[in-house]
Every structure is written in structure tokens, then in C-alpha cells.
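Each chain is listed here by its residues.
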Amino acid sequence: MQLLYLLSIVALLTPCPTTAEICNSDGICTSETAIGDEKDAKDYYDKASHYDQLWGRDNLHIGYYPHLSLNPTSSIELTPEQAGIALTERMVRSSNIQPGDRVLDLGSGKGLACAQIASLTGASCVGIDRSPENVARGREIADQFPDLNLSYHEGSFTQIPDFLLE
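These numbers come from a predicted model, not from an experiment.

Comments concerning the overall build of the protein chain
1) Next: From N to C terminus, the protein chain includes five helices and six strands.
2) Next: Seen in sequence order, the protein chain has helices and strands lined up from the N terminus as β-β-β-α-α-α-β-α-β-α-β.
3) Next: Buried positions account for 39% of the 166 residues belonging to the protein chain.
4) Next: Sequence separation of 24 or more characterises 54% of the internal contacts of the protein chain that already satisfy a separation of 6 or more.
5) Next: Of the accessible surface of the protein chain, which amounts to about 10,000 Å², a share of 54% is contributed by carbon and sulfur atoms.

Set out below in C-alpha cells:
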């Protein structure tokens, strides 16, 4: 039996957003939240270029820093890039993902965590992200690791592509 795990990445949003009504060509309107100069969260992530500099290339995890925990298991200080990898490893250990399982990574960013999960567990991993640039980078990572069962698609937490729900 295949299982579906949902993993999410913390989104950093600026305080005091303003709300605007956005209407599509069919006249269907939704309230979207403006974030600084960006019209919504998708626009924010489409324009974001600082994550590679903050946490290392392709990593959008804030990270897990064992030396900062209440009961430190290590005194070794990790770099932000290493801490991002450590966070994914910790999620994998705590969720008991097995070969044959299906993992859905909502807010997959550039796909690094999905590739790590598939590599560590033998599970298939599908990444969903709102940013076309992130999805394109995820697909490049999938091409680099053809032995892993990876796929990346544009979507959101509230609009998961139907084929993934079957």
C-alpha cells in the first residue's frame, strides 16, 4: 500500500499586508494579500532571489541546528546549507517513509528536499510549488538523478493538481 505524506516549508511573509481583490477573465474574484511590493505570495516567491545566498543553492529550509536544541546532541555548528539537509533527514526519520511510499512535498521550492527524501528512502516524491522558476529547477534536479522517482509541478496548497489526488 502506498502512503501519501505531506511536507511543507515555512513561508516568511512581511507583517501588515494589505488585501486586494483580483479577478480573472471569467469575472471570478478572490482576495489576495499584498506582501510589500508583491501582489501575493506567488509573486513574492517568483521574485525572491535571496534564498540561495541565505541557505545555500536550491535549499529553502530554515534548517535544523542540533547544537541549539534544549538537549544538544552535538556541539558542532552547522552551516545554513547543512542545517537544511539535517532538517530533511530529521523529517524522514520521524515519518518512517519507506520504499514504495509516495511523498507529496507542498511548497517544494527548488526540489532539493524531494530529491533528498527519494534518495534516503527509495520513495517517490512529487514537488508542488507556485513558482515556475522553482519547478523548472526541480525538474533540472530530477534530470540529474534519473534513478530517483521525482516529478515537479506548478500548484499550491489550495490547488493541488487533480492527477495527484487519484
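Quick notes on the state of the cysteines
1) Next: Overall, the coordinates contain one disulfide when judged by the stated rule.
2) Next: The disulfide partner of Cys 114 is Cys 125, and the S-S distance across this bridge is 2.0 Å. Note on the Cys 114 and Cys 125 pair: the S-S dihedral is about -85°, so by sign convention the disulfide is left-handed. Remark: Cys 125 occurs in strand E5 (residues 124–129) and Cys 114 occurs in helix H4 (residues 112–121); sequence separation between them is eleven residues.

Let's talk about the pairing of strand E6 (residues 150–154)
1) Next: Bridging between E5 and E6 involves five bridges; their strand directions are parallel. For Ile 128, the partnering residue across the bridge sits in E6 and is His 153.
2) Next: Note that the unit made of E5, helix H5 (residues 132–144) and E6 has a crossover that is right-handed.

With respect to the nonpolar core
1) Next: Formed by 15 residues in total, the largest nonpolar core has its most connected members in Val 103, Leu 150 and Tyr 152.
2) Next: Mapped onto this core, the elements with two or more residues apiece are H4, H5 and E6.
3) Next: It is H4 that contributes the most residues to this core, four residues altogether.
4) Next: Of all hydrophobic cores here, the second largest spans five residues; its members include Leu 104, Leu 106, Val 126 and Ile 128.

Here's the deal with the environment of Leu 120
1) Next: Within the secondary structure layout, Leu 120 lies in helix H4.
2) Next: Each C-alpha atom, one on Leu 120 and one on Val 92, is 8.0 Å from the other, the two residues being 28 residues apart in sequence.
3) Next: Once you skip the residues sitting within four places of it in the chain, Leu 120 turns out to touch Glu 89 and Val 92.

What counts, and where the lines are drawn
Residues numbered from 1 in each chain as written. Predicted model: local features only at pLDDT ≥ 70, side-chain atom pairs only at ≥ 80, totals over all residues. Heavy atoms only, no water. Helix = DSSP H or I, 4+ residues; strand = E, 2+ residues; numbered from the N terminus. Buried < 20%, exposed > 50% of the residue type's maximum accessible area, 1.4 Å probe, protein only. Contact = heavy atoms within 4.5 Å. Areas by Shrake-Rupley, 256 points an atom, 1.4 Å probe, with all protein chains shown as cover. Disulfide = S-S within 2.5 Å. Pairing = 2+ DSSP bridges. Right-handed = clockwise from strand over helix to strand, strands pointing away. Core = buried A, V, L, I, M, F, W, Y, C linked by side-chain atoms within 4.5 Å.

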